[in-house]
2 protein chains.
Amino acid sequence: MAYDAIETPFGKREKIVGGSAVYVAYAASNFVKPVNLVSIIGNDFEGSEISALEQKGVSFEGVERVKDKKSFFWSGRYHLDMNTRDTLVTDLNVLADFNPVIPESFQDSEFLMLGNLHPATQISVIGQMKTRPRLIAMDTMNYWISSAPEDLKTVLAMVDVLMVNDSEARELTHEFSLVKAARTIIEMGPKFLIIKKGEHGALLFHKNQVFFAPALPLEEVFDPTGAGDTFAGGFVGHLARTKDISFENMKTAIIVGSAMASFCVEKFGPERLKEITKTEIDDRIRQFIDLVNFDIALV
Amino acid sequence: MAYDAIETPFGKREKIVGGSAVYVAYAASNFVKPVNLVSIIGNDFEGSEISALEQKGVSFEGVERVKDKKSFFWSGRYHLDMNTRDTLVTDLNVLADFNPVIPESFQDSEFLMLGNLHPATQISVIGQMKTRPRLIAMDTMNYWISSAPEDLKTVLAMVDVLMVNDSEARELTHEFSLVKAARTIIEMGPKFLIIKKGEHGALLFHKNQVFFAPALPLEEVFDPTGAGDTFAGGFVGHLARTKDISFENMKTAIIVGSAMASFCVEKFGPERLKEITKTEIDDRIRQFIDLVNFDIALV
């Protein structure tokens, strides 16, 4: 959980709530309640942001509140193509001493989504769960691939679903072909692999099967911040609602995640996610069906 | 029609048959016969290449044979990522004086595919058709967008389908968003617009509708030469076979085109297209169905 300063070609926000956990929670809360959040915030985190999430069914019992420090802060500026960005400021603040503690009331969680933190932190969270969740999904990034490769290998062997983007998949495996990279990653442990390609959609790999979900072609991407985490929240939220972790249902979950991500980029930070309605989500999912549906008769 | 010298990270060919018309003809010949070819070749064009195409049902009546000149020659080298290439040699040879003449026996052609040549040449071909074909599709490239913009505007107003890649769509409209670019291009004339994104698939725009077809995730792209033309040949071939030019059937045609293109890149030049079977095409189309098919129940 964080505050961000974001600048895109369309404008800027000096201070807007953000962080993986916020995006995942907002997205997932449309499908399942409660969403049990484990994170850390500082003395600057506004009560109104907490209430907004709580009203969506998000539990803060696992969120540590530090009185004498500020929340994690990130500042970035997007380039014109919106696919690349420069990080201007990263202030760890409370995140420097984050040791997540899973509350007793969270022990029955069946679906665990591990945000992008040090793999040792991800391992600690899995270790605290007395009963292994039915599904453990995780995100990671280039920084951990290069700085903590051994811990990363350990956690990869403990999870069911890995979500990475295409450049991370290539860096993790030293394979340029995403098909070859996927095979290598699945040998490392995750039974399911999602490779996100931003505006070019996402691939789901499982055994020798592959599924592709496009991103919705949009007139404008206003602010891509949090789109990947929103995708993750929609994906895990759908699985948690349906309690079905088959490959077939994961295809649907990827469409749901893609639909949620397509909302996220329409406004700054999580602004669009805060106001979204069930009708809008259903309409958006129908747009995805129209986007890829075709009839074919082999002759 | 041409000879190419191609170098990819996987090897090279000093002299291999190529050119848009060859790829379009090979691809389309799997779906419709005859394929009426209008092109020009020099004294170096081998009889065995002509027979190979004729056996596939391709008519050479519209192919001019020049005795004292060589065929068009292109030489290129692909970079490691296969998405970019350097052109090493372009020898126009016979193509410098190409003035296509439509034979009387081709006048009843219902489907016309205009390869990537000067828009004035494309206009000349349309003008020679005594009855307007039911569907006219065309390709173009950045070179004509910058060097012959007025002729290009004229031909765009005469055709039904434009096929371009994403960078060409952006250059033609000065719009970065492909959705905005598509709207602008459709205002220029073509009722249908296909934007090809290489390994990231293709988009079909028509009125306010959009359809997306992915590229098949491949272990290796061996040689991308001709993939776009092969896509075009499969697309128009399917439409000509079914004689149905509705948006719904164009979706299917894009899947057929994508399937054909996925074969093309498996070997050098058109080598793979020469050997392809009906069973292989059907299997490949089934892979596309599996790749994008999902079930969803809105709740």
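Calculation criteria
Residues numbered from 1 in each chain as written. Chains lettered and ligands numbered in written order. Predicted model: local features only at pLDDT ≥ 70, side-chain atom pairs only at ≥ 80, totals over all residues. Heavy atoms only, no water. Phe/Tyr/Trp six-rings, centres within 6.5 Å; stacked < 30°, edge-to-face > 60°. Helix = DSSP H or I, 4+ residues; strand = E, 2+ residues; numbered from the N terminus. Buried < 20%, exposed > 50% of the residue type's maximum accessible area, 1.4 Å probe, protein only. Lys NZ or Arg CZ within 6 Å of the ring centre and 35° of its normal. Salt bridge = Lys/Arg side-chain N within 4 Å of Asp/Glu carboxyl O. Contact = heavy atoms within 4.5 Å. Buried area = accessible area lost by both parts, 1.4 Å probe.

Asks: Which parts of the structure should I look at to understand the packing of aromatic side chains?
Replies: One pair of aromatic rings is described through two measures. These are the centre distance and the angle between the planes. The final tally for this structure, using the stated rule, is 13 aromatic pairs over all chains. Aromatic side chains Phe 10 of chain A and Phe 222 of chain A sit 5.4 Å apart centroid to centroid with 20 degrees between the ring planes, which places their arrangement in the stacked category. In this pair, Phe 10 of chain A sits in the loop between strand E1 (2–8) and strand E2 (11–18) while Phe 222 of chain A sits in the loop between strand E12 (209–213) and helix H8 (227–242), placing the two residues 212 residues apart along the sequence. Classification of Phe 10 of chain A by relative accessible area gives partly exposed; the value is 36%. Following the ring pairs from residue to residue traces out a cluster consisting of Phe 10, Phe 222 and Phe 268 of chain A. A cation over an aromatic ring shows up here: Lys 15 of chain B above the ring of Tyr 3 of chain B, its NZ or CZ 4.3 Å from the ring centre. When the ring centre of Phe 263 of chain B is taken as origin, the NZ or CZ atom of Arg 284 of chain B, which lies over that ring, is 4.0 Å away.

Asks: Would you mind showing me how to read the pattern of salt bridges here?
Replies: Pairing between side chains becomes possible if they bear opposite charge and their charged atoms approach one another. Enumeration over the complete set of coordinates arrives at 39 salt bridges over all chains. Here Lys 130 of chain B and Glu 104 of chain B are joined by a salt bridge, their closest N and O atoms 2.7 Å apart. Linking Lys 130 of chain B in the loop between helix H3 (119–128) and strand E8 (135–139) with Glu 104 of chain B in the loop between strand E6 (85–91) and strand E7 (111–114), this pair joins segments that are 26 residues apart in sequence. Just as Lys 130 of chain B is exposed, Glu 104 of chain B falls in that class too. When salt bridges that share partners are traced, they join Glu 266, Lys 267, Arg 272, Glu 275, Glu 280 and Arg 284 of chain A into one network.

Asks: Explain the interface of chain A and chain B to me, please; I cannot follow it from the model alone.
Replies: How big an interface is tends to be stated in terms of accessible area lost as the parts join. With 39 residues of chain A at the interface, the matching set in chain B holds 39 residues. Approximately 3,700 Å² of surface area, both sides summed, lies buried where chain A meets chain B, with 62% of it carried by carbon and sulfur atoms. One can count four salt bridges joining chain A with chain B. Residue Glu 220 of chain A pairs with Lys 180 of chain B through a salt bridge whose shortest N-O separation is 2.3 Å.

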